[in-house]
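Geometric and topological summary
Spelled out from the first residue to the last, the chains are:
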Amino acid sequence: AQKVTQAQTEISVVEKEDVTLDCVYETRDTTYYLFWYKQPPSGELVFLIRRNSFDEQNEISGRYSWNFQKSTSSFNFTITASQVVDSAVYFCALSENNQGGKLIFGQGTELSVKP
Amino acid sequence: DVKVTQSSRYLVKRTGEKVFLECVQDMDHENMFWYRQDPGLGLRLIYFSYDVKMKEKGDIPEGYSVSREKKERFSLILESASTNQTSMYLCASSPGGDPNTEAFFGQGTRLTVV
């Protein structure tokens, strides 16, 4: 069965701290896609990144970086030098082949960045 | 700018009422989805559609139905609203034929059933 687990329900940090959000997934498929979305207080989910199962390259985008490790079925997300505007709920999600947009979400991690 | 628009941000309905949640996308996407978001459970898929007049059940379809008469519009219907359907509902769309693509989400409808 497919499953995504975000074990951290809530994280609170002080501005400028680095923070890592964990994501562990389960799937039997060899081809799959992983996503991170951000949900600010306004409610709309904002796409951050996607990775397919054949691309284990880590990615950095500004203060955001992602570490994809198939060996541990993890796709962790790190925010460097966090800012108050990073406060949001973050979701990790899994999509299997031929199911574009049909996502299995983790429970979400609520990040609070305090000034 | 691409858009998925849900007709209401907040909705309060009475138990037993028939409730319609509307979603419109302007990206000419084939795929549309309805998710329900509850604390501690993340988002769960209710129904989805890969084409006009086509629908498929997601993980939690009980108590819901959908309608897709036009490509751009996907409606979620609560036939007889119950208090356990109080939740945040999110609509999404994505292009057809490409699994390596993100879904675009609406702003959500927070439904309260009293």
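Small disclaimer: the values here were computed from a predicted structure and weren't measured.

In this complex, chain B contributes 24 residues to the contact, which on the side of chain A involves 24 residues. For the pair chain B and chain A, the summed buried surface comes to about 1900 Å²; carbon and sulfur atoms form 54% of the total. In terms of surface lost to chain A, no three residues of chain B exceed B:Pro99, B:Asn100 and B:Phe105, which account for 31% of the buried area on that side. Summed over the shared surface of chain B and chain A, the result is 1 salt bridge. Taking the shortest distance from any N to any O, the salt bridge between B:Glu102 and A:Arg50 comes out at 2.4 Å. Here chain B is connected to chain A by 5 residue pairs in polar contact (both at pLDDT 80 or more). Of all elements in the fold, only β5 (31–38), β6 (42–49) and β10 (87–94) of chain B reach the threshold of two or more residues within the side of chain B that touches chain A.

Looking now at the side chain of B:His29. Residues and elements named next belong to chain B. Inspection of the secondary structure assignment puts His29 in the loop between β4 (23–25) and β5. At 3.4 Å, the side chain of His29 and the backbone nitrogen of Ser94 are in polar contact. In this view, His29 contacts Arg68, Lys71, Ser93, Ser94, Pro95 and Phe104; residues no more than four positions away in its chain are not counted.

Okay, the state of the cysteines next. Applying the stated criterion across every chain, the model contains 2 disulfides over all chains. Here A:Cys23 engages in a disulfide with A:Cys92; their sulfurs sit 1.9 Å apart. Measuring the twist about the S-S bond at about -65°, one finds the A:Cys23-A:Cys92 disulfide to be left-handed. Of this pair, A:Cys23 sits in the loop between β3 (19–21) and β4 (24–26) while A:Cys92 sits in strand β10 (residues 88–96), and the two are 69 residues apart along the sequence. Accessibility classification places A:Cys23 together with A:Cys92 in one group, the buried group. Across the disulfide from B:Cys23 sits B:Cys91; the S-S distance is 1.9 Å. Taking the sign of the torsion about the S-S bond as the criterion, the disulfide between B:Cys23 and B:Cys91, at about -80°, is left-handed. With B:Cys23 in strand β4 and B:Cys91 in strand β10, this pair connects stretches of sequence that are 68 residues apart. According to the relative accessible area criterion, B:Cys23 is buried, its value standing at 0%. For B:Cys91, a relative accessible area of 0% translates into the label buried.

Among the nonpolar cores identified, the biggest contains 23 residues, and A:Trp36, A:Phe77, A:Tyr90 and A:Leu111 are the most heavily contacted of them. Counting residues per element, the ones that place at least two in this core are β2 (10–14), β3, β5 (32–39), β8 (64–69), β9 (74–79), β10 and β12 (109–114) of chain A. The biggest single contributor to this core is β10(A), with 4 residues. With near-sequence residues (within four places) excluded, A:Phe77 lies in contact with A:Val19, A:Thr20, A:Leu21, A:Trp36, A:Leu48, A:Tyr64, A:Ser65, A:Trp66 and A:Tyr90. Core analysis: the next-biggest nonpolar cluster, separate from the first, contains 21 residues, B:Val4, B:Met27, B:Ile60 and B:Ala81 among them.

Right, let's talk about the layout of surface pockets for a bit. Roughly 580 Å³ of volume is contained in the largest pocket. As for the largest pocket, its lining consists of 29 residues, of which A:Gln39, A:Val89, A:Glu110, B:Gln37 and B:Arg110 are closest to the centre. Elements that contribute at least two residues to the lining of the largest pocket include exactly β10 and β12 of chain A together with β5, β10 and β12 (109–113) of chain B. Tallying contributions element by element places β12(A) first for the lining of the largest pocket, with 4 residues. The residue inventory of the lining of the largest pocket, partitioned by class, reads 9 nonpolar, 15 polar and 5 charged.

Residues and elements named next belong to chain B. The alternating pattern of β12 places Thr109, Leu111 and Val113 on a buried face and Arg110 and Thr112 on a face that is not buried. Relative to β12, β10 runs antiparallel, the two being bridged by 3 bridges. Bridging across to β12, Met88 finds its partner in Arg110.

Moving on, we come to unusual backbone geometry. One non-glycine residue with positive phi stands out, namely A:Ser73, at about 50°. Among the structural elements, A:Ser73 can be located in the loop between β8 and β9. According to the relative accessible area criterion, A:Ser73 is partly exposed, its value standing at 24%. You will see that B:Asp28, though not glycine, has its phi angle at about 60°, which is positive. Along the chain, the position of B:Asp28 falls in the loop between β4 and β5.

Quick notes on the rules
Residues numbered from 1 in each chain as written. Chains lettered and ligands numbered in written order. Predicted model: local features only at pLDDT ≥ 70, side-chain atom pairs only at ≥ 80, totals over all residues. Heavy atoms only, no water. Contact = heavy atoms within 4.5 Å. Buried area = accessible area lost by both parts, 1.4 Å probe. Salt bridge = Lys/Arg side-chain N within 4 Å of Asp/Glu carboxyl O. Polar contact = N/O pair within 3.5 Å; in protein donor to acceptor, adjacent residues only side chain to side chain. Helix = DSSP H or I, 4+ residues; strand = E, 2+ residues; numbered from the N terminus. Disulfide = S-S within 2.5 Å. Buried < 20%, exposed > 50% of the residue type's maximum accessible area, 1.4 Å probe, protein only. Core = buried A, V, L, I, M, F, W, Y, C linked by side-chain atoms within 4.5 Å. 1 Å grid on protein atoms, 1.4 Å probe; cavity = no way out; pocket = protein on both sides within 12 Å on 5 of 7 lines; lining within 4 Å. Points joined across faces, edges and corners; volume = space filled by probe spheres on them. Nonpolar A, V, L, I, M, F, W, Y, C, P; charged D, E, K, R; others polar. Pairing = 2+ DSSP bridges.

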